[in-house]
Amino acid sequence: MGRDGNGNGNGNGPRGTGGVSRDRARLVTGGSRCPSVLCTGGIPVPVLGHVAGGLPAWGGPGAGARLGSTRYRVTGATASPCVPQTGEAVRELLQRLRALQSERVETYRLFEEGHRAYLSSAPHYDFPRYRQLVHEVTVAFSGISQEVLDIAGRLRDELGRADLAQHLARLQEREQEKLQLTAQLQLARQQAQDQPEVDAHQQEEQELKHKLIKTIEAISEILQDLKYDSEEVE
């Protein structure tokens, strides 16, 4: 994945005012567990409470392709089970993963768009709207992350592709890091805007931008490794 934009909207207003409809947020998430929201310096920060959790059983509509029924082939006088759909199942799960990554890109774009609208409301910041924005973004990313973990579990436990599952585990770690850096950068931007005479705020903003760029590059490398190791099923 290349570098993407950051942003999301909330469930209380049109996008033109930094919001996105609740239905749009649900469309992005594809269903999720309720996440946590942490406030730092008065600003809510997204927290993916389920990103680092275990790998739950696969399930739910739209969660990707399921394996077909087991077939048998006869080798000599012995009938042995085989799953000719394995390659297809892996391919469809990876296609779903790419769709989830695209949803992440769109969610970041909406998140950044909403934050720009929030900053433009200074000096009387529309904090309730921004808090709702952070909640919607957290729900969206939590749902996406849970589904990626489900995909990793299927690749590892059902399809014998622990190598691909390992890439997804690394991807999740970097995506969590990216979300945390994005939230920290938004806070730094507000501080730099509110106190432009404080050089430390400007410096912190630049340092966070650099870290975010490095994290995005790392995510792209992981996706490239995943593509290389899955070429035989593409």
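Residues numbered from 1 in each chain as written. Predicted model: local features only at pLDDT ≥ 70, side-chain atom pairs only at ≥ 80, totals over all residues. Heavy atoms only, no water.

Asks: Explain the overall build of the protein to me, and be specific about the residues and the numbers.
Replies: Helix and strand counts for the protein come out as 5 helices and 4 strands. Within the protein, contacts between residues separated by at least 24 positions form 75% of all contacts whose residues are at least 6 apart in sequence. When the accessible surface of the protein is split by element, carbon and sulfur atoms take 51% of a total near 11,700 Å². (Helix = DSSP H or I, 4+ residues; strand = E, 2+ residues; numbered from the N terminus. Contact = heavy atoms within 4.5 Å. Areas by Shrake-Rupley, 256 points an atom, 1.4 Å probe, with all protein chains shown as cover.)

Asks: Which residues make up the packing of aromatic side chains, and what are the values?
Replies: Under the defined criterion, the tally for this structure stands at 3 aromatic pairs. Aromatic pair Tyr108 and Phe141: ring centres 4.6 Å apart, planes at 45°, arrangement tilted. With a gap of 33 residues between them, Tyr108 in helix α2 (residues 86-120) and Phe141 in helix α3 (residues 127-157) connect regions that are remote in the sequence. On the basis of relative accessibility, which here comes to 0%, the residue Tyr108 falls in the buried class. With a centroid separation of 4.4 Å and an interplanar angle of 20°, the aromatic rings of Tyr118 and Tyr130 are classed as stacked. Of the two residues, Tyr118 sits in helix α2 while Tyr130 sits in helix α3, which places them 12 residues apart along the sequence. When sorted by exposure, Tyr118 lands in the same class as Tyr130, which is buried. Within the aromatic cluster, the residues linked to one another by ring pairs are Tyr118, Tyr125 and Tyr130. Between Lys178 and the ring centre of Tyr108, over which it is positioned, the NZ or CZ distance is 4.1 Å. (Phe/Tyr/Trp six-rings, centres within 6.5 Å; stacked < 30°, edge-to-face > 60°. Buried < 20%, exposed > 50% of the residue type's maximum accessible area, 1.4 Å probe, protein only. Lys NZ or Arg CZ within 6 Å of the ring centre and 35° of its normal.)

Asks: Could you give an account of α3, naming the residues involved and the relevant values?
Replies: The end-to-end C-alpha distance of α3 is 44 Å, a good match for the 45 Å that 31 residues give at a rise of 1.5 Å each. The buried fraction of α3 amounts to 24 of the 31 residues, a majority that puts the element mostly inside the structure. (Expected span 1.5 Å × (residues − 1).)

Asks: Tell me about the pattern of salt bridges, and please be specific about residues and values.
Replies: Enumeration according to the criterion identifies 17 salt bridges in this entry. When salt bridges with common partners are traced through the structure, they connect Glu112, Arg116, Arg189, Glu205 and Lys209 into a single cluster. (Salt bridge = Lys/Arg side-chain N within 4 Å of Asp/Glu carboxyl O.)

Asks: Please give an account of the nonpolar core that cites residues and values.
Replies: Counting 21 residues, the largest nonpolar core has Val90, Leu94, Leu97, Ile151, Leu155 and Leu168 as the members making the most contacts within it. The leading source of residues in this core is α2, at 6 residues. In contact with Val90, other than residues within four places in its own chain, are Leu155, Leu159, Arg161, Leu164 and Val233. Tyr108, Leu133, Val137 and Phe141 belong to the second largest nonpolar core, which has 11 residues in total. (Core = buried A, V, L, I, M, F, W, Y, C linked by side-chain atoms within 4.5 Å.)

Asks: Can you tell me about the environment of Arg154, naming the residues and giving the values?
Replies: Residue position: Arg154 is located in helix α3. A C-alpha to C-alpha distance of 8.3 Å links Arg154 and Ala165, two positions 11 residues apart in sequence.

Asks: Quick one: what's the story with the environment of Gly114, residue by residue and with numbers?
Replies: Here Gly114 shows up in helix α2. Gly114 sits 16 residues away from Tyr130 along the chain, and the two C-alpha atoms are 7.4 Å apart.

Asks: Describe the packing of α2 against α3, naming the residues involved and giving the relevant values.
Replies: Running from amino to carboxyl end, α2 crosses α3 at an angle of 165°, the nearest separation of the two axes being 10 Å. In terms of their interaxial angle, α2 and α3 are classed as roughly antiparallel. In the crossing of α2 with α3, the sense of the turn from one axis to the other is left-handed. By residue class, the composition of the contact of α2 with α3 is 19 nonpolar, 4 polar and 5 charged. (Axes fitted to C-alpha atoms, helices over the stretch in contact; angles between N-to-C directions. Parallel < 35°, antiparallel > 145°, perpendicular 65-115°, else oblique. Left-handed = near helix turned anticlockwise from the far one by under 90°. Nonpolar A, V, L, I, M, F, W, Y, C, P; charged D, E, K, R; others polar.)

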